[in-house]
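The chain contents come next:
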Amino acid sequence: MSWLRCPDPRPWATTRLVCFPHAGGSAVAYRAWGKAVSPALEVHAVQYPGRADRMRDPLMTDLKQAARLVAAALGPLTDRPLALFGHSMGALIAYETALILQAKGTPPVHFFASASRPVHRRRDAEDKVSERDDDGVVAELTELGGTDAAALADPELRELVLPYVRADFRAIERYQRDASAPKLATPITALTGEADPHVSVEEIHRWADVTSASSEVRAFPGGHFYLNDELPDVLAEIHKALGIPAA
């Protein structure tokens, strides 16, 4: 099944914004973006396998392989400028996708890395979330703040959701950037929540190391899922970086 969802097609749009969800997330995380952005932007969201309308597809186990498949799916969309936005795990896949698009001669015009340590500054976790029991995985999701903890108390929902959440964390834990990877030739905007327990404002400045183009840092009030409450300001920053008047 296709890796991309575009609930609000805009054939007249000048630029496409491709959004990559967090671990345990799906394309629905960006459902509101399509109508909230400028008419000059067309929003596409990546739909990872093993969840939502791809529940029957094999789980994702390799972020680089996921990036290769997303890059292939984006091929027909490179007739217009593409910008990539990745949140948390999504930033890692978006980075790898940007490398592939660049190698193909169709680099993204901008890369937005949200709530993620830079790819070359990641640390091996002694406490691997993927190896915790179900309560431990739920505790991590609760700490990050993007999941309804009360809903995950439902055993049936846990049985449905935790397999792909655990697979996502395992893929993150296995991910390693290729040290010989070239620098991106794409401007980067790194965004984070000021109270994110996993990513500091100081750390995200190092995203500048992986591009030969310009880089900017933007910090917003909130934690790991700051964009849930700060969406208008986040979208304003995206429009500004792309040189597109806000909606």
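Basis of the calculations
- Residues numbered from 1 in each chain as written.
- Predicted model: local features only at pLDDT ≥ 70, side-chain atom pairs only at ≥ 80, totals over all residues.
- Heavy atoms only, no water.
- Helix = DSSP H or I, 4+ residues; strand = E, 2+ residues; numbered from the N terminus.
- Buried < 20%, exposed > 50% of the residue type's maximum accessible area, 1.4 Å probe, protein only.
- Contact = heavy atoms within 4.5 Å.
- Core = buried A, V, L, I, M, F, W, Y, C linked by side-chain atoms within 4.5 Å.
- Pairing = 2+ DSSP bridges.
- Axes fitted to C-alpha atoms, helices over the stretch in contact; angles between N-to-C directions.

This paragraph deals with the environment of Arg51. You can see Arg51 is positioned in the loop between β3 (41-46) and α2 (63-74). Assessed through its relative accessible area of 1%, Arg51 is described here as buried. Here the alpha-carbon distance between Arg51 and Gly24, two residues 27 residues apart in the chain, equals 8.5 Å. With residues up to four places along the chain from it excluded, the contact list for Arg51 reads Gly24, Gly25, Ser26, Met60, Tyr164 and Asp168.

What follows covers the nonpolar core. Phe20, Leu63, Ile93, Tyr95, Phe111 and Trp207 are the most contacted members of the largest nonpolar core, which totals 52 residues. With nine residues, the top contributor of residues to this core is helix α3 (residues 89-103). Ignoring sequence-local partners within four residues, the contact set of Leu63 consists of Met89, Leu92, Ile93, Ala171, Ile172 and Tyr175. Judged by nonpolar contacts, the second largest core, of 23 residues, contains Trp33, Ala45, Ala83 and Leu242.

What follows deals with the sheet that holds strand β1 (residues 4-5). What the seven strands build is an open sheet, ordered β1-β3-β2-β4-β5-β6-β7; its pairing is mixed. Every other strand in the sheet has two partners, leaving β1 and β7 (215-220) as the edge strands with one partner each. Two elements, strand β2 (residues 15-20) and strand β4 (residues 82-87), share five bridges in a ladder whose sense is parallel. Bridging from a neighbouring strand, Phe20 pairs with Gly86 of β4. Sheet contacts for helix α7 (residues 231-242): β2, β3, β4, β5 (110-114), β6 (188-193) and β7; angle to β5, the most-contacted strand, approximately 155 degrees.

Once that is clear, we can look at unusual backbone geometry. The backbone of Ser88 sits at a positive phi, close to 60 degrees, despite the residue not being glycine. Structurally, the position occupied by Ser88 is in the loop between β4 and α3. Ser88 sits in the buried class, given a relative accessible area of 16%. The backbone of Ala115 sits at a positive phi, close to 55 degrees, despite the residue not being glycine.

So far we have only geometry, and geometry alone does not tell us how the molecule works.
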